[in-house]
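Structural overview
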Amino acid sequence: MPELFSVKGKRVIISGGARGLGAAVAGVLVAEGAHVAIIDILDEVGEQHAAALTAAGPGKAYYFHADIAKRAEAFAAVASAVDALGGLDALHNNAGVERSVPLEDIAEADFDLVFGVNVKGCLWLSQAAVAHLRTAGNGGVIVNIGSDSALMPYPTSAHYSASKGAVHALTRSMAATWAPHGIRVNTAIPAAKTDMYYDMQANRTDEQRAQSAEWLKRNILIGGDLGSVDEFAPMMVYLTSDASRFVTGQILAVNGGMNFVR
């Protein structure tokens, strides 16, 4: 049974893996023996993280630059990553951006940025990866990062909420379309204190931070607060491993009971 949960030797692409949630997941996978290609725009941070992960082992990590909102760059980065990895078993569409702004004040540039990275990036990377995933030995894997904000009202960043709703919808379409090729596609929802969370907190007033903390206390059943990225990473290991080989088209939340997926 333990070997079902192993990711040793798995070849994984992680977008947005230079910092935050993606960096933590990359670290866990490499520590478990997987080989990881990080795609990001934070070149210095990404290269340093990949080098540190490779030095720690036992897996290896590589870094590739791409603005994934641009289809050509996404395809080129996947091709380079697959060449370095020697194939591909899994893609984690982790990269995402969020902009907090009242619904009536959302600007076109912010809308385009959020949908460009969160939705286009997810689609372009998946399109680029699918041909390689078809040849994976036990069926390929795509894991998209969703959000509870797409499952309940989120007026402070409605365009982010809408983009994650689109990701949830893409997951179901991908799962149905690519199942005949042995590719399983799922959405994982984190409720964790990531770099994105800390960036949001820095832009809030003391009153807004207090209101947020009170809301979390009331609504998160386990601990009354967001979890850590290390509490989310095991879900990504599971979805990458052969233990999840009969799981596809699902939204799987690691959110301490903050919201219930239907």
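Scope of this entry: the structure provided in the associated data block. Keep in mind that what you see is a predicted model, and the values were worked out from it rather than measured.

**Regarding the pattern of salt bridges**
Oppositely charged side chains may form a pair once their charged atoms are brought near each other. Under the criterion given, the structure shown has 3 salt bridges. Where Arg11 meets Asp89, a salt bridge forms, and the shortest distance between an N and an O atom there is 2.9 Å. Here Asp89 lies in the loop between α3 (71-85) and β4 (90-93) and Arg11 lies in strand β1 (residues 11-15), a separation of 78 residues in the sequence. With a closest N to O distance of 3.9 Å, Asp67 and Lys70 form a salt bridge. Judged by its relative accessible area of 25%, Asp67 falls in the partly exposed class.

**Observations regarding the pairing of strand β3 (residues 61-65)**
Where strand β2 (residues 35-40) lies against β3, 5 bridges are found, and the strand directions are parallel. Each residue of the ladder has a partner; that of Ile38, found in β3, is Tyr63. Taken together, β2, helix α2 (residues 43-56) and β3 constitute a β-α-β crossover, and its handedness is right-handed.

**Some points on the nonpolar core**
Counting residues in each nonpolar core, the largest one holds 34 residues, and the members touching the most others are Ile13 and Ile39. Secondary structure elements with two or more residues in this core: β2, α3, α4 (108-133) and α5 (158-178). For this core, the element with the highest residue contribution is α4, accounting for 10 residues. Ignoring sequence-local partners within four residues, the contact set of Ile39 consists of Ile13, Ile14, Ser15, Gly16, Gly17, Phe64, Ala66, Ile68, Ala77, Val78 and Leu125. The next biggest cluster of nonpolar side chains, apart from the first, holds 28 residues, and it includes Leu21, Val30, Ala61 and Ile145.

**Points about the packing of aromatic side chains**
One pass over the structure, following the stated rule, counts 3 aromatic pairs. An angle of 15° between the planes, with centres 4.5 Å apart, marks the rings of Phe111 and Phe115 as stacked. Note that Phe111 and Phe115 are positioned in helix α4 at a spacing of 4 residues, about one turn of the helix.

**Some details on the pairing of β2**
The buried fraction of β2 amounts to 5 of the 6 residues, a majority that puts the element mostly inside the structure. Pairing of β1 with β2 involves 5 bridges; the strand directions are parallel. Counterpart to Ile14 in the pairing with β2 is Ile38. Crossover handedness for the path β1 to helix α1 (residues 20-31) to β2: right-handed.

**A look at the side chain of Ser241**
Positionally, Ser241 belongs in the loop between α8 (229-240) and β7 (251-254). In this structure Ser241 comes out as buried when scored by relative accessible area, which is 0%. Residue contacts for Ser241: discarding those within four places in its chain leaves Leu4, Phe5, Ser6, Val7 and Arg184.

**Describing α2**
Residues three or four positions apart in an α-helix share a direction because the helix packs 3.6 residues into each turn. The end-to-end C-alpha separation of α2 is 20 Å, in line with the 20 Å expected for 14 residues at 1.5 Å each. Buried within α2 are the following residues: Gly46, His49, Ala50 and Leu53. In an axial view of α2, the angular spread of the buried residues amounts to 100°, which keeps them on one side of the axis. Facing away from the buried side of α2 by more than 90 degrees, the exposed set consists of Glu44 and Ala55.

**A short note on the sheet that holds β7**
For sheets, the rule is that strands pair by backbone hydrogen bonds, running either parallel or antiparallel. Pairing is parallel in the open sheet, where 7 strands are placed in the order β3-β2-β1-β4-β5-β6-β7. One side of each edge strand has no neighbouring strand; the edge strands of this open sheet are β3 and β7. Looking at each pair of strands side by side, their axes are set apart by 20° on average, direction ignored. Bridging between strand β6 (residues 184-190) and β7 involves 4 bridges; their strand directions are parallel. Note that in β7 the partner of Ala188 across the bridge is Leu252. Lying over the sheet, α5 contacts β5 (141-145), β6 and β7, oriented at roughly 155° with respect to β6.

**Notes on the environment of Ala72**
Here Ala72 lies in helix α3. With a relative accessible area of 62%, Ala72 lands in the exposed category. Expressed as a C-alpha distance, the spacing of Ala72 and Trp124, which sit 52 residues apart in the sequence, is 8.5 Å.

What counts and how
Residues numbered from 1 in each chain as written. Predicted model: local features only at pLDDT ≥ 70, side-chain atom pairs only at ≥ 80, totals over all residues. Heavy atoms only, no water. Salt bridge = Lys/Arg side-chain N within 4 Å of Asp/Glu carboxyl O. Helix = DSSP H or I, 4+ residues; strand = E, 2+ residues; numbered from the N terminus. Buried < 20%, exposed > 50% of the residue type's maximum accessible area, 1.4 Å probe, protein only. Pairing = 2+ DSSP bridges. Right-handed = clockwise from strand over helix to strand, strands pointing away. Core = buried A, V, L, I, M, F, W, Y, C linked by side-chain atoms within 4.5 Å. Contact = heavy atoms within 4.5 Å. Phe/Tyr/Trp six-rings, centres within 6.5 Å; stacked < 30°, edge-to-face > 60°. Expected span 1.5 Å × (residues − 1). Arc of directions from axis to C-beta. Axes fitted to C-alpha atoms, helices over the stretch in contact; angles between N-to-C directions.

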